[in-house]
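Examination of the molecular architecture
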Amino acid sequence: MQHLLSAGKLLDEHGHLCEAGYATSLVKEYDRRDIRAAAHRIKEWDYYLVYNNDFGVALTIDDNSYMGLLSASFLDFKSRREVTVSPIKPLTFGSTHFPSTSVTGDIKASCKGAEFSFDVFPDKRVLKCHFDKFSNEEFTANIELTDFPRDSMVIATPFSEDKKAFYYNQKIIGMRASGTVMFEGKQYEFSPDDSFGLLDWGRGVWTYDNTWYWGAAQGIIDSHKFGFNIGYGFGDTSKASENMLFYDGIAHKIGRLTFDMKHNEYGSIDFMAPYGIVSDDGRFDVTLTPILDRSAYTSIGIVLSDQHQVFGHFTGKAVLDDGTVVSFENLLGFAEKVRNKW
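Residues numbered from 1 in each chain as written. Predicted model: local features only at pLDDT ≥ 70, side-chain atom pairs only at ≥ 80, totals over all residues. Heavy atoms only, no water.

Quick notes on the overall build of the chain
For clarity, the cut-off: Here a strand is any run of E in DSSP of at least two residues, a helix any run of H or I of at least four, and the numbering for each starts at the N terminus. Each residue gets one of three labels from its accessible area relative to the maximum for its type: buried under 20%, exposed over 50%, partly exposed in between, using a 1.4 Å probe on protein chains only. Should any heavy atoms of two residues lie within 4.5 Å, those residues are counted as being in contact. Note that accessible areas follow from Shrake-Rupley with a 1.4 Å probe, and for residues the cover is restricted to the protein chains shown. Charge assignment: positive for Lys and Arg, negative for Asp and Glu; neither His nor the chain ends contribute. One atom stands in for each charge, and that atom is NZ of Lys, CZ of Arg, CG of Asp or CD of Glu.
Counting its secondary structure elements, the chain contains 0 helices and 25 strands. Dimensions along the principal axes, computed over C-alpha positions, put the chain at roughly 50 × 50 × 50 Å. Going through the 342 residues of the chain one by one, you find that 54% of them count as buried. Of the contacts formed within the chain by residues at least 6 apart in sequence, a portion of 55% connects residues at least 24 apart. Total accessible area on the chain stands at roughly 14600 Å², and carbon and sulfur atoms take up 49% of it. Averaging the positions of the 35 positive and the 47 negative side-chain charges in the chain gives two centres separated by 4 Å.

With respect to the sheet that holds strand β21 (residues 257–259)
Strand pairing in a sheet is mediated by backbone hydrogen bonds. Such pairs are either parallel or antiparallel. The test is simple: In this analysis, strands are considered paired if DSSP registers two or more bridges between them. Only the stretch in contact is used when a helix axis is fitted, and all axes are lines through C-alpha atoms; the angle between N-to-C directions ranges over 0 to 180 degrees.
Taking strand neighbours across the sheet as the criterion, the 9 strands line up as β20-β19-β18-β17-β25-β24-β23-β22-β21 in an open arrangement whose pairing is antiparallel. Single-partner strands in this sheet number two, and they are β20 (250–253) and β21. When the angles between neighbouring strand axes are averaged without regard to direction, this sheet yields 20 degrees.

Some thoughts on the pattern of salt bridges
To keep it simple, the criterion reads: Each salt bridge in this description consists of a side-chain nitrogen of Lys or Arg and a carboxyl oxygen of Asp or Glu lying within 4 Å of one another.
Within this structure, the stated rule accounts for 16 salt bridges. In this structure, E44 and R32 form a salt bridge, with 2.8 Å as the shortest nitrogen-oxygen distance. Placement of E44 in strand β4 (residues 42–51) and of R32 in the loop between β3 (28–29) and β4 is noted, with a sequence separation of 12 residues between them. Take E44: its relative accessible area is 2%, and that puts it in the buried class. Among the salt bridges present, the one from R176 reaches D147, with a minimum N-O distance of 3.4 Å. Highlighted residues: R176 in strand β14 (residues 162–183) and D147 in the loop between β12 (137–146) and β13 (153–159), separated in sequence by 29 residues. For D147, a relative accessible area of 39% translates into the label partly exposed.

Below, the structure written as structure tokens:
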């Protein structure tokens, strides 16, 4: 049985999670001032992924205390190409001033040659990004997200090895997207008829060495807006997983699952090989056929990041709470494996 969170404060007077579990909205109140861990361990970020079947854009503003990050990726699913630029800002320590909730509050961040802003309104989210030089040319994105779903995936995760460490996370799946992107001198347009956006909203204190698996997809299935969030691997998730289906904006909680990634003859993961993902309750059974691996590897001193965000097509079925079976073919999304020492 997975535990449903109640309303109240996220952290107690000792900086420990008051309650671990899941919800469909931000029922727990996050306040950075309640954290009792070392200041350099605090991590806050907003990550947006917007795409259609032809192209996509990922935008991140990140404050990991000892360093911040502004990151943009352009994803070309037709040519199976991606370009990512991620300038680092040292010693940010909360100066980005992230809001304590995803519901209100704006974020603005800049560094030499790059400017980002994420603005939240009652009926839309406006994402803007500008690089003076990105793939040797100017890059701009001006995107609006609307048609917010009623429900989202929210999880409060403790870490058994450190009571002052926690992860408070929200995933909003299936917002409609419109707007433009200028990449390498060509303008790309998002239409709300076929373009969708998701938000990964994260606040917390993480332990040093973690590996996680995360995946999501969104689109239209038989005239219904459908999507899912899946993942595992970090922290103590005994109280709840983050696996959830979304059908016309309504959440349906499913069981635990694993990514059955394939290995090559040398024992390494073959990230471009198709593989299955099946939940233990039988309500999620899909195959992912990869088309693009957005990979990045960084190792600087004690900091290491090894990322494989693999985009591809999901084919299979999902079962809603009332037993309705949603079958789909070639639903575009991604699944990733990331290891960070940070």
